[in-house]
Amino acid sequence: MLHYLGRRASYSVISILGLLTLVFFLTRLTGDPSALYLPLDSTPEARAAFAHLNGLDQPIYIQFWNYLADLLRLDFGESMRQHRSALEVALEAFPQTLKLAFVAMLLSLTLAIVVGSMAAARPRGLFDRIATVVSLAGASAPDFWVAIVAILVFAVGLGVLPTSGTGGWEFWVMPVFVLMLRPFGLLVQVVRGTMLSSLASPYIKTARAKGLARHTVVFGHALRNSLLPVITVAGDLSTGLINGAVIVESVFGWPGIGKLMIDSIIQRDFAVVQSTILVTATAIFILNILIDLLYAVLDPRVRY
Amino acid sequence: MSDISSVVPSTSAAKPRGRVLFNYLKRDRLALVAVVFLAILVIAALLGPWLMGDAATKLGLRHRNMAPFQIDAGWLYVLGADTLGRPILPRLVVGAGNTLGIAAAAVFTSMLVGGLLGLVAGYSENWYSHVIQRGADIIMSFPSLLLALIVLYTLGPSITNLVIVLAITRVPVYLRTARAEVLELRERMFVSAARAMGANSARIILRHIAPLVLPTLITISAIDFATVILAESALSFLGLGIQPPEFTWGAMVANGRGYLSTAWWIAFWPGLAIMLTTLSLNILSSWARTVADPQQRWRLQTLKKAAR
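Not measured: the values here are computed from a predicted model.

Here is what the cut-offs are and how they apply
Residues numbered from 1 in each chain as written. Chains lettered and ligands numbered in written order. Predicted model: local features only at pLDDT ≥ 70, side-chain atom pairs only at ≥ 80, totals over all residues. Core = buried A, V, L, I, M, F, W, Y, C linked by C-beta atoms within 7 Å. Buried ≥ 20, exposed ≤ 12 C-beta atoms within 10 Å, placed from the backbone. Helix = DSSP H or I, 4+ residues; strand = E, 2+ residues; numbered from the N terminus. Domains from an automatic or database assignment. Contact = placed C-beta atoms within 7 Å. Nonpolar A, V, L, I, M, F, W, Y, C, P; charged D, E, K, R; others polar.

Draft legend 1. Representation of the nonpolar core. Judged by nonpolar contacts, the single largest core of 161 residues is most densely connected at Ala147(A) and Leu149(B). When residues of this core are assigned to their parent elements, the largest contribution, 17 residues, is made by helix H4 (residues 88-123) of chain B. Counting the residues that make up this core, at least three belong to each of domain 1 (2-72) and domain 2 (86-298) of chain A.

Given below as structure tokens:
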């Protein structure tokens, strides 16, 4: 178990380091930040001083070496835009995204398990057909479009929900709904598919022959065995949920990591871009390990 | 699979198979609608720019923000006009060409690159196989949209870069599938036979293994098409995808975003077009899965009996 975790962790550290290296060189290619941060008529001396202050006048491999050395000391650099620790900026935005993603994932997982199991219980029935079309539509909908149509209807048209920002529960409705669409749609399909094959297995016939009620068989016997692939897909979708978060946060003005990332890329705030990537990648790595542990809990046959 | 079809005379085997598939398609009305919609879309995308390319870019300040469902100004304006008075219907048709073209180019590139890398990573045990796999892990472990944003901002937004970025984010999918297939195929007798006859690795991979991996990759690419369309639209919506004067559906939604309260139709129609296209693709791939799965195919067959 510990051996497995150790190997898993070392792989992830290599991945994260590779990612940071890639991003370091890519962001350095985007151009000189002094063009964005200093006034247009500033003198060459001022530009040089700015570059020197931020260590941008050194060759790129020295910059990279300095960056790695700082990383080892857990120093992630300073945000050029906000003049404070870049990690602090990233860690401040991250919980906002985490809250949003957690609520959306929990809701879509619960709903998808219920809807998918009910659809699989009577394949080709009316409920199954409706569920299939709705879930396919959810998986195919462009989230940015659904977001602005929702704003159009509920905020501009009916005036019942706020267009953007944070605050009470009414600010959560539209972002969570939009973020749920894709995971919900895909998960319903997965639950339905695995439930169909579970329900076709002999042990279900035995359970039915014993005289157990239909819903006991569907939710008690078949569902437990179908959960494993569902958890796998849900884990993969959680990484993708960050994609959705970027869109949702930028449309609804949600101060999360996605919005921070876009803003920092556009403003060439290198240190913040790197910190957001570090934070996101670490979170995804922890999530993957948790999912592996969950396997062992759900399926007694799985041992590491 | 292929050795069976080579035993049966191919002319008699191919024809009924196509007809059987068509019959299955006719049973499932939803899938049939999806196929018809996609066919119309592809024809429109191919012929559209030639038929009404001029109308899509012609400014008409008299028709600024014209509301939809009026035909006084001509049937081109039936879906309304945008802020510069350009009719939306022809723009949707021209945008379809760009959207589908970019997606097709990205899917094809990622299939080619991912497939080749996967063949190499699966066939050899050298150090570069491990490098290829770790590379795929890195791409997979990170949200694709963020990666695309960074790369696009670095390289600068253009159609070529957009295709490259979209392809990079999808490469791991093909790479992993191809590798998994090769791992199994390379232990088969025909590979040993080829090696015994003196074929080198490149020949074995390209002539003996690749043809057997290709059908799987093509199947995946059909499903992947919808994902790539959505990714491209999202990037163009965020302003880092296609740049004016070129446009895709995603860019059209972005244009209309500022006019939501005054002219909802500018952002609405292109988004609906994206949704209908990806929905059709998903319906079709879900239908194909049902047909390909013998456990589920009997449902279509029993439907057939009931219909008679």
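After that view, the rundown keeps rolling.
Draft legend 2. View of the interface of chain B and chain A. Every contact between the two is made by 37 residues of chain B and, on the other side, 39 residues of chain A. Contributing elements (two or more residues each) for the side of chain B that touches chain A: helix H5 (127-140), helix H6 (144-155), helix H9 (201-237), helix H11 (265-292) and helix H12 (294-307) of chain B. The residue makeup of the side of chain B that touches chain A, split by class, is 23 nonpolar, ten polar and four charged.

Draft legend 3. View of the environment of Val115(A). Topologically, Val115(A) is positioned in helix H5 (residues 86-121). Judged by the 21 C-beta atoms lying within 10 Å of it, Val115(A) is buried.

Draft legend 4. Region of interest: the domain arrangement of chain A. Residues and elements named next belong to chain A. Split into domains, chain A comes out as domain 1 (2-72) and domain 2 (86-298). For domain 1 versus domain 2, the distance between C-alpha centres works out to 33 Å. Contact residues are listed per partner, giving 13 residues for domain 1 and eleven residues for domain 2. Ranked by residue count, the leading element in the side of domain 1 that touches domain 2 is helix H1 (residues 2-29), at nine residues. Classifying every residue of the side of domain 1 that touches domain 2 gives eight nonpolar, four polar and one charged.

Draft legend 5. Seen up close, the environment of Trp287(B). All names here are of chain B. With respect to the helices, strands and loops of the structure, tryptophan 287 is situated in helix H11. Spatially, the C-alpha atoms of tryptophan 287 and leucine 25 are 8.3 Å apart, while their sequence positions differ by 262 residues. Contacts of tryptophan 287, omitting those with residues within four sequence positions, involve Asp28 and Ala31.

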